[in-house]
Amino acid sequence: MTANKGAVTVIGLGAMGITLAELLLKDGYKVTVWNRSPEKAAALVAAGAILAADAAAAVAASPVTIICVYNHEATFHILDTAAVRNVLQGRTLLQLTTISPVESRLSATWAAGNGAAYMNGAIQAAPAQMGNADTPILVSGPQAVYNTVTPFLQVFGGNITYLGDAVAAAPTMDLATLSYIYGSAIGFFHGVRISEAEGFGADTYAAIVGGITPSYGEFLKHEGNMIYAGNYSVTQSPMRISVEATARLEQTAVESGINSAFPAFAAALFKKAVAAGYEDEEVAALIKVLRNPA
Ligand code: NAP
């Protein structure tokens, strides 16, 4: 442990909050913690953390409070009390809970109304991956507040992306990334069922998916650039290939007697692209289907 670097508060001691508090303690900060269930602070207190009696005392203990709880409602349940509002003036809140863009703007307005600076971060790693040089963290909010919270973020991870002063930028990019992650996860799990139905283990299949993932990432970057340019002329992958592929997925689900929810959803989207006349464009043109709220 290095010499005392100053005071910081962590509210929320779930899997992630405990990790954040541990990293700050190890880095030499005077760490005050608070959690709805105080017993979760025991190991941190044994390691030198101070357990505040309540959330207001926790916020009052440090210039910067980091909050990492279940969701936006939990955040406001903890912070939006007269006792906390009374001690917020001149302090900084760093929100690391996964929240929506609208919730982020609401939080920033609420904080400003109570005299506090507000910064929104988004952790894109699991607790075991925290504190490494490549741990990715997105952050957004006013530049001056970014400068205030940067030393703490650097303890949490070395791969910090500052997305500018629009406070909702970090949650927006975080949720967009989560959309990609959950979309591919559902597709992956459905792929396990295709494999199992033909007697192949998930391990064999997972190794193949792991192998293609880096090049697939490059392909998605290419498609994203095409969407940004508004250019849907075929460069890599024509829409019609995906129309057939998703039709085969749906057919295989029926033939194998496995759950068909995911391929039916995917095939229906690509059928809409054909109906809209995009069959001979690049697969990126699917965005034009998704831009229609219907
Ligand atoms: P967790 O282990 O489920 O912990 C949830 C925390 O929220 C606990 O401290 C819990 O308090 C508190 N909480 C829940 N409802 C509350 C309420 N109504 N009032 C007061 N406190 C409440 O979650 P986590 O894994 O630490 O995740 C925390 C945040 O980090 C989430 O937004 C998550 O999306 C984000 N995150 C997590 C990971 C990850 O891999 N874990 C990765 C990236 C981002 P109690 O202890 O009293 O229940």
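Before reading further, recall that the structure is shown in the block above.
Residues numbered from 1 in each chain as written. Predicted model: local features only at pLDDT ≥ 70, side-chain atom pairs only at ≥ 80, totals over all residues. Heavy atoms only, no water.

Caption draft 1: Geometry of the site of the ligand. Around the ligand, the surrounding shell holds 22 residues, and the nearest of these are Met 16, Asn 35, Ser 37, Lys 40 and Thr 98. Within the backbone of Ala 15, a nitrogen or oxygen atom sits 3.0 Å from an oxygen atom of the ligand. A distance of 2.9 Å is found between an oxygen atom of the ligand and a side-chain nitrogen or oxygen belonging to Arg 36. Bound to the protein, the ligand loses 74% of the 900 Å² it would expose on its own. With respect to the detected pockets, the ligand is housed in the second largest pocket. Contributing elements (two or more residues each) for the shell around the ligand: helix 1 (15-26) and helix 4 (72-79). Across the shell around the ligand, the residue classes break down as 12 nonpolar, eight polar and two charged. (Near = heavy atom within 4 Å. Polar contact = N/O pair within 3.5 Å; in protein donor to acceptor, adjacent residues only side chain to side chain. Areas by Shrake-Rupley, 256 points an atom, 1.4 Å probe, with all protein chains shown as cover. 1 Å grid on protein atoms, 1.4 Å probe; cavity = no way out; pocket = protein on both sides within 12 Å on 5 of 7 lines; lining within 4 Å. Sits in = over half its atoms within 2 Å of the grid points. Helix = DSSP H or I, 4+ residues; strand = E, 2+ residues; numbered from the N terminus. Nonpolar A, V, L, I, M, F, W, Y, C, P; charged D, E, K, R; others polar.)

Caption draft 2: Here's a closer look at the pairing of strand 7 (residues 136-140). Counting buried residues along strand 7, four of its five residues qualify, which places the element largely inside the surrounding structure. Pairing between strand 6 (residues 117-123) and strand 7: four bridges, direction antiparallel. Each residue of the ladder has a partner; that of Ala 122, found in strand 7, is Leu 138. Where strand 7 lies against strand 8 (residues 159-162), four bridges are found, and the strand directions are parallel. Across the sheet, Leu 138 pairs through a bridge with Thr 161, a residue of strand 8. (Buried < 20%, exposed > 50% of the residue type's maximum accessible area, 1.4 Å probe, protein only. Pairing = 2+ DSSP bridges.)

Caption draft 3: A look at the sheet that holds strand 3 (residues 50-51). Pairing within the open sheet is mixed, and its eight strands lie in the order 3-2-1-4-5-6-7-8. Edge positions in the sheet fall to strand 3 and strand 8, since each of these pairs with one other strand and no more. In the sheet, strand 2 (residues 30-34) pairs with strand 3 via two bridges, with the strands oriented parallel. Bridge pairing in strand 3 places Thr 32 opposite Ile 50.

Caption draft 4: Focus on the packing of helix 8 (residues 169-197) against helix 9 (residues 202-229). Interhelical geometry of helix 8 versus helix 9 gives an angle of 145° and a closest axis separation of 11 Å. Relative to helix 9, helix 8 is oriented so that their crossing is right-handed. Here Tyr 180, Gly 187, Phe 188, Gly 191, Val 192 and Ser 195 of helix 8 come into contact with helix 9, specifically with Ala 202, Tyr 205, Ala 206, Val 209, Tyr 216 and Leu 220. In terms of residue class, the contact of helix 8 with helix 9 is built from nine nonpolar, three polar and no charged. (Axes fitted to C-alpha atoms, helices over the stretch in contact; angles between N-to-C directions. Left-handed = near helix turned anticlockwise from the far one by under 90°. Contact = heavy atoms within 4.5 Å.)

Caption draft 5: Broad picture of helix 8. Over its 29 residues, helix 8 runs 42 Å from end to end, which matches the ideal 42 Å to within 8%, given 1.5 Å per residue. For helix 8, the full list of buried residues reads Ala 169, Ala 170, Pro 171, Asp 174, Gly 187, His 190, Gly 191, Val 192 and Ser 195. Residues of helix 8 that are buried sit in contact with helix 6 (101-113), strand 6, strand 7, helix 9, helix 10 (239-256) and helix 11 (261-275). Backbone geometry just after helix 8 places Gly 199 at a positive phi near 85°. (Expected span 1.5 Å × (residues − 1).)

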